[in-house]
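Listed below are the residues making up each chain.
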Amino acid sequence: MSNLHDCAQRYGTVTRLLHWSMAVLLGWQFVTVLAHVLLPDSALDSFAWSTHKATGLLLMILVVIRLGWAFYSRNRRPTAVSSLARLGHLTLYGLLFVIPFIALLRQYGSGREFVAFGMTLMPGFSDGKIEWMIAPASLLHGNLGWLLLALIIGHVAMAFIHRHQGGEDVLARMIGK
Ligand code: HEM
Ligand code: HEM
């Protein structure tokens, strides 16, 4: 089996590229929200926040590819170290899908034009708003976003705890040979 694919001992190149590119984009996504909340109206806030929707759109696209790849590879991945780890990864996947999905739904329902990367992705409309498309994100988008940040911090901590406290060195599966 080529290095592209996962196997029982380690994740392959495709999984690693998806994992680390999304980690970098999510890192930036949380810079945008932290700057927006902690440094409102600063230069960092105005620049970073202007990229929040486009970064979120990229993450939406990547997570769909990643979910497809994870499903395709489901029988040849390293087994999770515990059922809690498995549940944690599933929750991360769930949040990574739901958070941008409901935001894009709200964007559409607002009737406002949505332009990202120079492309008009939603032309917008002028006859009112679609309330049921707006409600889920208004209720949950931000809260689930902060929950995701907390889970990611826990996830990173667990990776290092496993590496340094003996047992399975899970980090090697995602970065090693
Ligand atoms: C994985 C992707 C995303 C993450 C982790 C994320 C995270 C967050 C977080 C934590 C907040 C709350 C900030 C606060 O408390 O003030 C927020 C707000 C917001 N996000 Fe996102 N976001 C993502 C994708 C998107 C996308 C795709 C869009 C739109 C197309 C979007 C539009 C907004 C808007 C308009 C707000 C301000 C209103 C609100 O708090 O709901 N986000 N986002
Ligand atoms: C920033 C956002 C991150 C998210 C959303 C995330 C999500 C995930 C998910 C869903 C998995 C399961 C395998 C997969 O399907 O890809 C995983 C595995 C893993 N991640 Fe992350 N990750 C993030 C960042 C990090 C960082 C910064 C580290 C480094 C310390 C890390 C270390 C690992 C390791 C070691 C595994 C393998 C765990 C195992 O095989 O049991 N992750 N990650």
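Everything below is about the structure printed above this text.
The structure presented is a predicted model; accordingly, all values stated were derived computationally and were not measured. (Residues numbered from 1 in each chain as written. Chains lettered and ligands numbered in written order. Predicted model: local features only at pLDDT ≥ 70, side-chain atom pairs only at ≥ 80, totals over all residues. Heavy atoms only, no water.)

Undergrad: Would you explain the site of ligand 2 in this entry?
TA: Lining the immediate environment of ligand 2, one finds 21 residues, of which H19, R77, Y93, H155 and R173 sit closest. With respect to ligand 2, the side chain of R77 contributes an N or O atom lying 2.9 Å from an oxygen atom. Within the side chain of Y93, one N or O atom sits 2.3 Å away from an oxygen atom of ligand 2. Of all the secondary structure elements, the ones that give two or more residues to the shell around ligand 2 are α1 (13–38), α4 (83–109), α5 (131–164) and α6 (170–175). Split into classes, the residues belonging to the shell around ligand 2 amount to 14 nonpolar, 4 polar and 3 charged. (Near = heavy atom within 4 Å. Polar contact = N/O pair within 3.5 Å; in protein donor to acceptor, adjacent residues only side chain to side chain. Helix = DSSP H or I, 4+ residues; strand = E, 2+ residues; numbered from the N terminus. Nonpolar A, V, L, I, M, F, W, Y, C, P; charged D, E, K, R; others polar.)

Undergrad: For this particular structure, what's the right way to read the coordination of the iron atom of ligand 2?
TA: Put simply, the ideal angle at a metal is 109.5 degrees for four donors in tetrahedral geometry and 90 or 180 degrees for six donors in octahedral geometry. For the iron atom of ligand 2, the full set of protein donor atoms is H19 (NE2) and H155 (NE2), at a range of 2.0 Å. Viewed at the metal, the 6 donor atoms of the iron atom of ligand 2 are separated by angles of 88 to 179 degrees, and the geometry they form is octahedral. Residue H19 is found in helix α1, and its partner H155 is found in helix α5; the two are separated by 136 residues along the sequence. The exposure class assigned to H155 is partly exposed, which follows from its relative accessible area of 28%. (Donors = N, O, S within 2.8 Å, 3.2 Å for Na, K, Ca; no water. Tetrahedral: all angles 85-135°; square planar, octahedral: opposite > 155°, others 65-115°. Buried < 20%, exposed > 50% of the residue type's maximum accessible area, 1.4 Å probe, protein only.)

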